[in-house]
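This is what each chain is made of:
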Amino acid sequence: MMDGFGERSLFRRVAIIGLGVIGGSLGMALTQGRVVEEVVGFDRDPATLEVALATHTVHRIATDPVEAVRGAQVVVLATPVSLYPALLAQIGPALAPGTIVTDVGSTKRWVVETMSSQLPTGCFFVGGHPMAGSEKRGIEGADRYLLENAVYVLTPDEHTDPEALAQIEGLVMAIGARVVCLAPAEHDHVVALVSHLPHMVAVALMETLGASGEHRSMATMLAAGGFRDTTRIAAGDPRMWCDIAWTNREALLAVIDQYQASLARIAEAIRTYDPKREGEAATEAAADGALPGVGVGSGSLGEPCRGGSGSSSELSTTNKLSAVLAHARQARLAIPGRAKGVLPGIHEVIVTVADEPGIIGKIAQILGAQAINIADIEILRVREGHGGTIRLGFAHGHEADLAVDYLRDAGIIVKRI
Ligand SMILES: NC(=O)C1=CN([C@@H]2O[C@H](COP(=O)(O)OP(=O)(O)OC[C@H]3O[C@@H](n4cnc5c(N)ncnc54)[C@H](O)[C@@H]3O)[C@@H](O)[C@H]2O)C=CC1
Ligand SMILES: O=C(O)C(=O)Cc1ccc(O)cc1
């Protein structure tokens, strides 16, 4: 396959079916990064096809999925997952032997099983799921840099062809994403916890607000950062989320059960909270991670803290609420910045800035002048008139150290984390 079609090209032709947020972002990364000779796109929406061509999301558009996949070495399915079987039935006869079909869908066990059973002989399937996206919909939400530095999960199973897997790994790495391989069922369980449950929780929060009767409009007006942060994802596409719920129903229902039990324990802790029995020392010790068993009641919220020799039963009866809050705080603070832990580390610094026009440009200019590359940037907090906090990520520790020095020299408040 890598047979010399241009020095940097990995593939001669890649077809993408579905040019929305993810398919469009992938197309942009592939065409602009010159990873493949030709990217052919198909979308059932004619307006999307026009935009895709005009924005160089693809090199060429096709008028139907069969035409799109002709001569392609890799076919990427990027529609809602429930449409895959019908699409594969349509394109199957046009796939040349050796074609690798991959996808970007949010669930994997159902997808891998369904695709593998339906694939024409001689073709290969490699399941994929970029862990980046947004609540937006359609090609307008596509972004050339969306997948850069993003975790991109591939889900081989015992039937996956190793060479096909290696080819898709190459494609993913060529667009600057970071490959993590997980078994399909493990993937589904993990994303149920960190993506699908949070989505349903955001939906429940919106529903609760919606049912708040006379207080609803005032509550909406007062909604501060916490509510907005926690509910942003509820604006996602209902069609896509129905598909996700349907194809990951078991894992999602299991974590919803756990979550309900957790909320019930928290409610009980609130009901029985007695400020007079609140032990300052115990709370502080728990916040420092020095006390074991800070879960509420018989169960626990997440992993219990390790170490220490305090009596957890005493704590759990007198101090449930503060203990659980302290434990959650500790656990949240321990989550590293994006992508750390599983992957080659991103080295981070936190910049606190005044609310002044052009401040991000100024930071970029200072670092750019020293040839320090910002690998990742995230605005953590910004309030009009109050300035904000920005997280910068660097590929190497020494770059992060230098960034701190140069920014500090320029009078900017900055710290290494
Ligand atoms: N939006 C997100 O944040 C993420 C989505 N995903 C997955 O990516 C896939 C696509 O999601 P998005 O890009 O967000 O959706 P989207 O709604 O932005 O794009 C889907 C595109 O597929 C097209 N389409 C629908 N049916 C079609 C058909 N039969 N033939 C050709 N084109 C068709 C639509 O016109 C649309 O342009 C889904 O499977 C989703 O689970 C994965 C990671 C993140
Ligand atoms: O908008 C966000 O923060 C998301 O988390 C988007 C998202 C939605 C679905 C996925 O399968 C992966 C990522």
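Residues numbered from 1 in each chain as written. Chains lettered and ligands numbered in written order. Predicted model: local features only at pLDDT ≥ 70, side-chain atom pairs only at ≥ 80, totals over all residues.

This is how the line gets drawn: UniProt positions are given in the numbering used here, feature names are shortened, and annotations may be inferred rather than shown by experiment.
With an unreviewed UniProt entry as reference, the protein chain is termed Prephenate dehydrogenase, source organism Heliophilum fasciatum. As recorded by UniProt, the Sequence similarities (unreviewed entry) comment attached to the protein chain reads in full: "Belongs to the prephenate/arogenate dehydrogenase family."

## Considering the site of ligand 2
The condition that has to hold: Put plainly, near means the residue's C-beta atom, positioned from the backbone, lies within 6 Å of the molecule or strand in question. We call Asp, Glu, Lys and Arg charged. Ala, Val, Leu, Ile, Met, Phe, Trp, Tyr, Cys and Pro are nonpolar, and the rest, Gly among them, are polar.
Neighbouring ligand 2 are Ser106, Met131, Gly133, Ser134, Glu135, Ser195 and Ile233. A breakdown of the residues in the shell around ligand 2 according to their chemical character gives two nonpolar, four polar and one charged.

## Examining helix α7 (residues 184–210)
It helps to recall that an α-helix has 3.6 residues per turn; residues three or four apart then point in one direction. Short version of the rule: A run of H or I in DSSP becomes a helix once it reaches four residues, and a run of E becomes a strand once it reaches two; helices and strands are each numbered from the N terminus. Multiplying 1.5 Å by the helix residue count minus one yields the expected span of that helix. One axis is fitted to the seven residues ending at the residue and one to the seven starting there. The bend at that residue is the angle between these axes. By the criterion used throughout, residues are in contact when their C-beta atoms, derived from the backbone, lie within 7 Å.
The end-to-end C-alpha distance of α7 is 36 Å, a good match for the 39 Å that 27 residues give at a rise of 1.5 Å each. At Ala192, α7 shows its strongest bend, of approximately 55°. Taken together, the buried residues of α7 touch α5 (109–118), β7 (128–130), β8 (151–154), α10 (238–247) and α11 (249–271).

## Quick word on the confidence of the model for the protein chain
As a note on interpretation, predicted positions should not be read in detail where pLDDT is low. The following threshold applies: The pLDDT value expresses, per residue, how confident the predictor is, ranging between 0 and 100.
Residues at a pLDDT of 70 or more form 84% of the protein chain, whose mean pLDDT is 86. Taken as a whole, residues 284–316 scores under 50 in pLDDT and shows 62 contacts with residues more than four places along the chain or in a different chain. Contacts for the low-pLDDT stretch residues 339–343, under 50 throughout, to residues beyond four places or in other chains number 12 contacts. For this predicted complex, the interface confidence score (ipTM) comes to 0.98, while the overall pTM stands at 0.80.

## A word on the packing of α11 against helix α14 (residues 320–333)
Note the following rule: Every axis in this analysis is a line fitted to C-alpha atoms, fitted for helices over the stretch in contact. Angles between the N-to-C directions lie between 0 and 180 degrees. An angle counts as roughly parallel when it lies under 35 degrees, as roughly antiparallel when it exceeds 145, as roughly perpendicular when it falls between 65 and 115, and as oblique in every other case.
Across the interface, α11 lies against α14 with an axial gap of 8 Å and an inter-helix angle of 135°. As judged from the angle between their axes, α11 and α14 are oblique. For the pair α11 and α14, contact is made by Ile266, Ala269 and Ile270 and by Lys320, Leu321 and Val324, respectively. For the contact of α11 with α14, a count of residues per class yields five nonpolar, no polar and one charged.

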